[in-house]
Amino acid sequence: MKNLYIDFDGVILDTITPVYNLAKKLNLDVKTQTKEIGLLYSKIDWETLIEESEELSNSINSIKELKESGKFNISILTHINSLKEAKAKIEFINNLFDDLTIIPVPKSCPKTMMTQTKDAILVDDYSGNLRLWKEKGGIGVKYTKEKEECEFINITSLEELLEIF
Ligand SMILES: [Mg+2]
């Protein structure tokens, strides 16, 4: 069995679009005002945000299929800005799955600090996370909504992992 770590925001749920829309309303620039955006993330009502976020390319069912295949030891590895965010994500995952590990990672820590990485797969939508993961001997898989030329294996649905590994 391969160890498989799956990102939450931008891979399982599109939590990013609602936050960016809110940032826009508040006249915040997501690229330059990172501190303000971090603060916004920490103040957001995550239970509502999760309810309002769309599931990305049938991710929940895909994770169920990946689990059933017996090929992967799956954990959710997600950056968090507050304990409330962690709690909302944990509850969301626990309501859907009986037995899935969730590792909340403080935003200021690299994901590589929270778990073993050697030969483990990380699926993430952020190349920065994947680069660090690769440096630590892991396998980076980039999730995007549309196919993309990139330095990592690229998928647009988690189901594709069944064919790749
Ligand atoms: Mg992400």
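Residues numbered from 1 in each chain as written. Predicted model: local features only at pLDDT ≥ 70, side-chain atom pairs only at ≥ 80, totals over all residues. Heavy atoms only, no water.

Novice: How do you make sense of the side chain of S62 when you look at a structure like this?
Specialist: Looking at the element boundaries, S62 is found in helix 4 (residues 59–69). Apart from residues lying up to four places away in sequence, S62 is in contact with S57, S157, L158 and E159. (Helix = DSSP H or I, 4+ residues; strand = E, 2+ residues; numbered from the N terminus. Contact = heavy atoms within 4.5 Å.)

Novice: How should the packing of helix 1 (residues 16–25) against helix 2 (residues 34–43) be read in this particular structure?
Specialist: For any two helices packed against each other, one specifies the inter-axial angle together with the distance between the axes. Between helix 1 and helix 2, whose axes approach to 11 Å, the crossing angle comes to 115°. The handedness of the crossing between helix 1 and helix 2 comes out as right-handed. Side by side, helix 1 and helix 2 meet where I16, V19, Y20, L22 and A23 of the first sit next to I37, L40 and Y41 of the second. (Axes fitted to C-alpha atoms, helices over the stretch in contact; angles between N-to-C directions. Left-handed = near helix turned anticlockwise from the far one by under 90°.)

Novice: Please explain the layout of surface pockets as it appears in this structure.
Specialist: Left-over empty space is what a probe sized like a water molecule reveals as it rolls over the atoms. Space inside the largest pocket adds up to approximately 830 Å³. What lines the largest pocket is a set of 30 residues, and nearest its centre among them are I16, Y20, Y41, K107 and Y126. Sorting the residues of the lining of the largest pocket by element identifies helix 1, helix 2, strand 4 (72–80), helix 5 (83–96), helix 6 (127–135) and strand 7 (139–143) as the ones contributing at least two each. Residue composition of the lining of the largest pocket, by class: eight nonpolar, 10 polar and 12 charged. Each of two domains, domain 1 (2–14 + 54–164) and domain 2 (16–52), supplies a minimum of three residues to the lining of the largest pocket. (1 Å grid on protein atoms, 1.4 Å probe; cavity = no way out; pocket = protein on both sides within 12 Å on 5 of 7 lines; lining within 4 Å. Points joined across faces, edges and corners; volume = space filled by probe spheres on them. Nonpolar A, V, L, I, M, F, W, Y, C, P; charged D, E, K, R; others polar. Domains from an automatic or database assignment.)

Purely spatial values, then, with no claim about function.
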